[in-house]
Each structure stands twice: as structure tokens, then as C-alpha cells.
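One letter stands for each residue in the lines below.
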Amino acid sequence: MPPEVSAGSYFSVWLNLTYIDMAYQESVEWLFEQVPMFQNLGAGAYKPGLETTLRLSEAMGNPHKKLKCIHIAGTNGKGSTAHTIAAILQSAGYRVGLYTSPHLADFRERIKVDGRMADKAFVETFIERFRNGDLKQMQPTFFELTTILAFCYFEHMGVDVAVIETGLGGRLDSTNIINPELCVITNISLDHTALLGNTEAEIATEKAGIIKKGIPVVIGKAGLDVRAVFSAKAQQENAPIYFAEDAPAFKEAIASEDAIRYIGTQWGEIEGELCGDCQSENAATIMTALGILCRKFPLIDASAIKRGFAEVCSVTGLMGRWMQTEDRGIRIICDTGHNIGGWQYLGPRLKKISESDGTLRMVLGFVNDKDISAIMEQMPHNARYYLASPSVRRGRTAESTLEYAASAGISGRAFGNVAEAYAAAKAEALAGDTIFIGGSTFIVADYLTSVRKDSL
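Asker: Before we move on, can you summarise the sheet that holds strand E11 (residues 268-272) with the specific residues and values?
Answerer: Taken together, the 3 strands give an open sheet; going across it, the order is E9-E10-E11, and neighbouring strands pair in antiparallel fashion. Across the chains shown, the open sheet's two edge strands, defined by having one partner strand only, are strand E9 (252-255) and E11. Each strand axis lies, on average, 20 degrees off the axis of its neighbour in the sheet, ignoring direction. Note: strand E10 (residues 260-265) against E11, 4 bridges, orientation antiparallel. Bridge assignment links Ile260 to a residue of E11, and that residue is Gly272.

Here it is as C-alpha cells:
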């Protein structure tokens with residue numbers, strides 16, 4: 001202990017930090033329980049429209065009007081895309097806000113500045129102001145309130161730019177009150193059909209709602225019907241539109257177990273830390289967006305781009321994208337892919353693993369609003385299955401998942417929770433085996449908080 005600092009001073013600091021932590025936990029738990037939350041209620045917590053968000057923002061001084069933003073939507077890949085763009089901007093020297101959802105271990109993962117989670121005291125103060133004030137009469141959803149919290153925090157922290165990921169859809173999403181520098185729509189596949197539409201074109205119409213007058217938009221993968229929707233909306237808004245598929249950003253993508261090398265980009269060879277099979281598609285979208293961002297944010301250079309791709313997880317704190325560890329020769333992978341679009345990439349990769357040496361052991365679970373019949377068709381049949389329910393109210397029971405698995409010709413066992421399922425898989429695994437944890441974002445969250453909590 002330095003001689004000029006007394007033991008009493010250290011105790012005071014400890015006591016203050018302990019109080020802040022307790023107050024933060026109590027406030028966030030209240031938020032989870034009292035404000036309608038999609039994570040728990042599904043469609044019952046979805047309130048389309050921007051009126052409440054706009055009223056909340058006005059009450060808080062319209063922080064969204066004081067931010068430069070990049071707006072990112074899409075069915076899959078928007079989280080990876082948002083984190084990589086944020087990592088590149090950070091590496092270029094900009095102060096970067098990042099708003100994504102859902103969180104895995106800590107609510108504050110949703111709101112970061114330069115890769116650091118939002119300050120606990122700020123979050124607690126904001127929630128308590130809402131909880132004890134007149135604003136509660138507006139009856140916002142969890143996502144509406146969290147969106148304004150993020151905007152207020154970014155204004156408070158004086159960010160140069162905020163990377164904003166939509167929650168659900170686009171047109172009526174709470175984040176759509178911003179007027180961004182650039183819009184990015186990663187791709188479209190069938191997800192949340194009860195809320196967004198039954199066809200890819202209908203879903204694309206909702207996602208296209210983030211396209212605004214005169215603001216450039218970058219589109220990732222898009223079939224003909226989807227492409228027509230985006231082109232029509234861009235023309236209506238007089239918005240420059242760029243399709244990543246039209247001008248390939250790299251000549252070749254060479255994948256290994258822990259990276260993807262992109263050959264022939266305009267910035268030279270780039271190594272991407274994110275190595276899921278979908279990531280080369282995301283990289284093409286990001287590199288197309290960089291053609292615009294480099295003009296708007298001139299500090300971006302080749303060095304920043306290379307570091308952003310190569311160190312996205314450490315720079316931004318991203319977790320759960322083909323996330324790999326090893327324990328006593330057992331390879332452990334978790335991935336948050338949770339719909340048919342994601343499993344069209346995950347399924348074939350896991351099948352390859354199941355056909356190699358060692359046994360593939362799948363710790364799986366789902367929420368009850370996903371079409372898991374289609375997902376089950378992507379599952380490797382020569383793997384061992386350990387099924388669990390995610391610890392959210394709309395989690396599908398392990399027994400229900402087991403029935404769907406059986407109808408797809410897959411056998412397995414049901415467990416009470418993710419920790420029990422993982423423990424069984426680990427106990428039976430031998431060196432050279434692989435354990436995969438996924439099926440739902442919330443299965444990965446349960447794994448990280450109950451099994452790997454000491455490493456977070």
C-alpha cells in the first residue's frame with residue numbers, strides 16, 4: 001500500500017464500489033421484472049412504433065439528435081458486423097459507442113464505449129430516475145427504455161460515432177429514430193415471422209424501413225425478391241444503394257480453425273478473427289461499407305481495418321461467435337446462431353466435425369417461437385445430444401426439444417438446465433472430442449454465466 005494512502009481510504013473506496021454494485025444489480029433486476037422484455041415474453045413485449053421512444057428521448061433532451069450514428073439491421077450477422085465496424089473505428093482513434101442486443105452475461109454488454117461496458121452508476125441512476133419519476137407513465141418496453149439509456153450514455157461519454165444495431169425488424173424498431181451517416185442491412189431470412197412477415201420479401205420490407213432520405217445504404221446477401229424491395233425503397237428515398245455481392249471486396253477467403261484470411265482486398269491481406277462459415281459474407285458487407293465510411297471518417301486506414309478484423313473480440317468484448325476454448329484435449333465451441341439462416345452455416349460445419357476423429361457432443365436448447373423442425377434438419381445425425389431449456393420464460397422445455405429431435409431421427413437426453421447438460425457431456429467426453437453449445441443465444445448465455453462465469 002502506498003504510504004500516502006490510508007487503509008481507511010481503501011476501505012471507503014471498497015465500500016463505495018460495493019454500494020454502487022448492489023444498487024446497480026437491484027435496479028437492473030427491477031428493470032428485467034417490471035418492464036416488458038422480449039427475452040422473457042417474446043411477442044408480448046414487442047410494441048411496434050416509434051411514438052414512445054420519441055417521447056422518452058424528448059424527455060431526456062433528444063440525445064439521439066446529438067450523435068453521429070451507423071445503423072445496422074438484418075436477420076443474421078448484424079452483431080458481428082456491428083462489432084467489427086466498431087473495432088475498426090476504435091482502432092482508427094475514434095471514440096465509439098456500440099449498442100447491441102441481447103446480452104449474454106451482463107446487461108451492460110448492450111451499451112459500450114470503446115469496448116468498455118457502460119458505467120454501473122450511470123445505468124443505476126438512469127433506471128432509478130425512470131422508476132421513481134413521471135416517465136413511467138409512458139409504459140415503455142424494455143428495449144425502448146434501454147435504447148434511450150444507450151443514447152443518453154453515448155451523449156454523456158462524448159462519443160465521436162455510435163454503431164447502433166436494431167433489435168427486431170427496422171421500420172418500427174426503437175432505434176429507428178436516428179438519422180445515421182450510413183445504413184447497413186446484412187441479409188434476410190425467415191425469423192420472427194409472426195411479427196415481421198411470412199416471406200423474405202415481407203421481412204425485407206420491414207428491414208428496409210431504416211433506409212432514409214439521401215443516406216447511403218449497404219446491402220449484404222440478397223435474393224432477387226429481397227433485392228427488389230431494397231432497390232425500390234432506396235429509389236423512393238433517393239438513397240445511394242450498394243450491394244456487396246455486385247463488387248466482391250476480396251478475391252479469396254481462406255478459412256482455418258481460428259481465422260479467415262481475406263486475399264486481394266484494396267487494403268492488402270486481412271486476417272479476420274471471426275471464423276464462422278457465415279463470416280466471409282459478413283466481411284464482404286463490412287468491406288463494402290468501408291468504402292463509404294473511409295470518406296466520412298478519414299482516420300480509418302489499412303492498419304485500423306486490419307486490427308479491427310484481427311482483434312474484434314478483444315477490442316469490443318464480443319462473445320459467442322464460434323467461440324472456442326479447450327479443456328484437457330476437449331474442444332469446446334459455443335455459437336449464438338439461433339434461426340434457420342444461422343443454422344444453414346452451422347449445420348454443415350458441425351457435420352464436418354462429426355465426421356472427423358472424436359465424438360461431437362451437442363448441448364442444445366431453443367426458445368419456443370423458433371421453427372426448430374427446420375433447424376433439426378441441419379443437425380448431424382452421428383453426434384451425441386444433451387438437451388436443455390434456456391433459463392428464460394419463453395424457453396422451450398428439453399422434453400419438447402427431444403420430441404422434435406426424435407421426429408428428425410435424432411436421439412438424445414433431456415436435462416434440467418444447461419449446466420447439467422454440459423456437465424454430462426463433459427463427463428463422457430474424451431480427448432479429441434468436441435462439445436458444441438448453442439441453439440439459442442440464451443443457451444450460450446446460460447453456459448457463460450453458470451459454467452464459465454469465473455473467466456468472464
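Moving on from the coordinates now.
Asker: For the state of the cysteines, give the residues involved together with the corresponding values.
Answerer: In the structure shown here, the tally under the stated rule is 0 disulfides. Between Cys275, a free cysteine, and Cys313, which holds the nearest cysteine sulfur, the sulfur-to-sulfur gap is 9.0 Å.

Asker: Tell me about the packing of aromatic side chains, and name the residues and values.
Answerer: Within a pair of aromatic rings, the relevant descriptors are the distance that separates the centres and the angle that separates the planes. Following the criterion strictly, the structure yields 13 aromatic pairs and no others. For the ring pair Tyr94 and Phe297, a centre distance of 5.5 Å and an interplane angle of 80 degrees mean the geometry is edge-to-face. Taken together, the positions of Tyr94 in the loop between helix H4 (78-91) and strand E2 (96-99) and Phe297 in the loop between helix H10 (279-296) and helix H11 (302-310) put the pair 203 residues apart, joining distant regions of the chain. With respect to burial, Tyr94 and Phe297 carry one shared label: buried. Taken together, a centroid distance of 6.3 Å and an interplanar angle of 40 degrees make the contact between Trp322 and Phe436 tilted. Placement of the pair is Trp322 in the loop between helix H12 (312-316) and strand E12 (323-327) and Phe436 in strand E17 (residues 434-438), with a sequence separation of 114 residues. Each member of the pair Trp322 and Phe436 is classed as buried. Among the aromatic side chains, those forming a connected cluster through ring pairs are Phe32, Phe107 and Phe142. In this structure, Arg227 packs its charged tip against the face of Phe243, placed 3.9 Å from the ring centre.

Asker: How would you summarise the pairing of strand E6 (residues 182-185) if you had to cite specific residues and measurements?
Answerer: A two-sided burial pattern is seen for E6, the buried positions comprising Leu182 and Val184 on one face and Cys183 and Ile185 on the other. Summarising the sheet, strand E1 (residues 69-73) and E6 pair through 4 bridges and their orientation is parallel. Residue pairing in the sheet places His71 in a bridge with Cys183 of E6. Examined bridge by bridge, E6 and strand E7 (residues 217-219) share 3 bridges and lie parallel to one another. Within the sheet, the bridge partner assigned to Cys183 lies in E7 and is Val217.

Asker: Lay out the nonpolar core with the relevant residues and their values.
Answerer: With 57 residues, the main nonpolar core has Ile70, Leu89, Val163, Met362, Met379 and Phe436 as its most contacted residues. By residue number, the principal contributor to this core is H10, which donates 8 residues. When neighbours within four sequence positions are excluded, Met379 is seen to be in contact with Trp343, Met362, Leu364, Phe366, Tyr385 and Ile410. Listed in part, the 36 residues of the second largest apolar core include Leu31, Tyr99, Cys152 and Ile177.

Asker: Requested: an account of the pairing of strand E15 (residues 384-387), with residues and values cited.
Answerer: As paired elements, strand E14 (residues 360-364) and E15 share 4 bridges and run parallel to each other. The residue bridging Arg361 from the neighbouring strand is Arg384, located in E15. Summarising the sheet, E15 and strand E16 (residues 413-414) pair through 2 bridges and their orientation is parallel. Paired with Leu387 across the bridge in E16 is Ala414. With helix H15 (residues 398-407) bridging E15 and the parallel E16, this β-α-β connection has right-handed handedness.

Asker: Describe the sheet that holds E15, listing the residues and the values that go with them.
Answerer: In spatial order, the strands read E12-E13-E17-E14-E15-E16; together these 6 strands make up an open sheet with mixed pairing. A strand with exactly one partner marks an edge of an open sheet, and here the two such strands are E12 and E16. Alignment of strand E13 (residues 330-334) against E17, held across 4 bridges, turns out to be parallel. When the sheet's bridge partners are listed, Arg331 is paired in E17 with Thr434. Across the sheet, helix H13 (residues 340-354) touches E13, E14 and E17, and the angle it forms with E14 is around 145 degrees.

Asker: Residue-level account of H13, with values.
Answerer: The first and last C-alpha atoms of H13 sit 20 Å apart over 15 residues, in line with the 21 Å expected at 1.5 Å per residue. A bend of about 25 degrees at Leu346 is the largest found in H13, and the proline Pro348 appears one to four places after it. Among the residues of H13, those classed as buried are Ile340, Gly341, Gly342, Trp343, Leu346, Gly347, Arg349, Leu350, Ile353 and Ser354. For H13, the secondary structure elements touched by its buried residues are E13, E14, helix H14 (372-376) and E17.

Asker: Can you explain the packing of H4 against H11? Please cite residues and give values.
Answerer: Following both chains from N to C, one finds H4 and H11 inclined at 135 degrees, their axes separated by 8 Å at the closest point. The orientation of H4 with respect to H11, classified from their angle, is oblique. At the point where H4 passes H11, the crossing takes the right-handed sense. On the side of H4, the interface is formed by Thr84, Ala87, Ile88 and Ser91, while H11 contributes Ala304, Ile305, Arg307, Gly308 and Phe309. Considered class by class, the residues forming the contact of H4 with H11 number 5 nonpolar, 3 polar and 1 charged.

Asker: Quick one: what's the story with helix H3 (residues 51-59), residue by residue and with numbers?
Answerer: Every buried residue of H3 is accounted for by Thr52, Thr53, Leu56 and Ser57. Along the axis of H3, the buried positions cluster into a sector of 130 degrees, meaning they face one direction only. Of the exposed residues in H3, those oriented more than 90 degrees away from the buried face are Glu51 and Glu58. Of the surrounding secondary structure, the elements contacted by the buried residues of H3 are helix H6 (142-157). Two residues or fewer past H3, Gly61 is found with a positive phi of approximately 90 degrees.

What counts as what
- Residues numbered from 1 in each chain as written.
- Predicted model: local features only at pLDDT ≥ 70, side-chain atom pairs only at ≥ 80, totals over all residues.
- Heavy atoms only, no water.
- Pairing = 2+ DSSP bridges.
- Helix = DSSP H or I, 4+ residues; strand = E, 2+ residues; numbered from the N terminus.
- Axes fitted to C-alpha atoms, helices over the stretch in contact; angles between N-to-C directions.
- Disulfide = S-S within 2.5 Å.
- Phe/Tyr/Trp six-rings, centres within 6.5 Å; stacked < 30°, edge-to-face > 60°.
- Buried < 20%, exposed > 50% of the residue type's maximum accessible area, 1.4 Å probe, protein only.
- Lys NZ or Arg CZ within 6 Å of the ring centre and 35° of its normal.
- Core = buried A, V, L, I, M, F, W, Y, C linked by side-chain atoms within 4.5 Å.
- Contact = heavy atoms within 4.5 Å.
- Right-handed = clockwise from strand over helix to strand, strands pointing away.
- Expected span 1.5 Å × (residues − 1).
- Bend = angle between axes of the 7 residues up to and from the residue.
- Parallel < 35°, antiparallel > 145°, perpendicular 65-115°, else oblique.
- Left-handed = near helix turned anticlockwise from the far one by under 90°.
- Nonpolar A, V, L, I, M, F, W, Y, C, P; charged D, E, K, R; others polar.
- Arc of directions from axis to C-beta.

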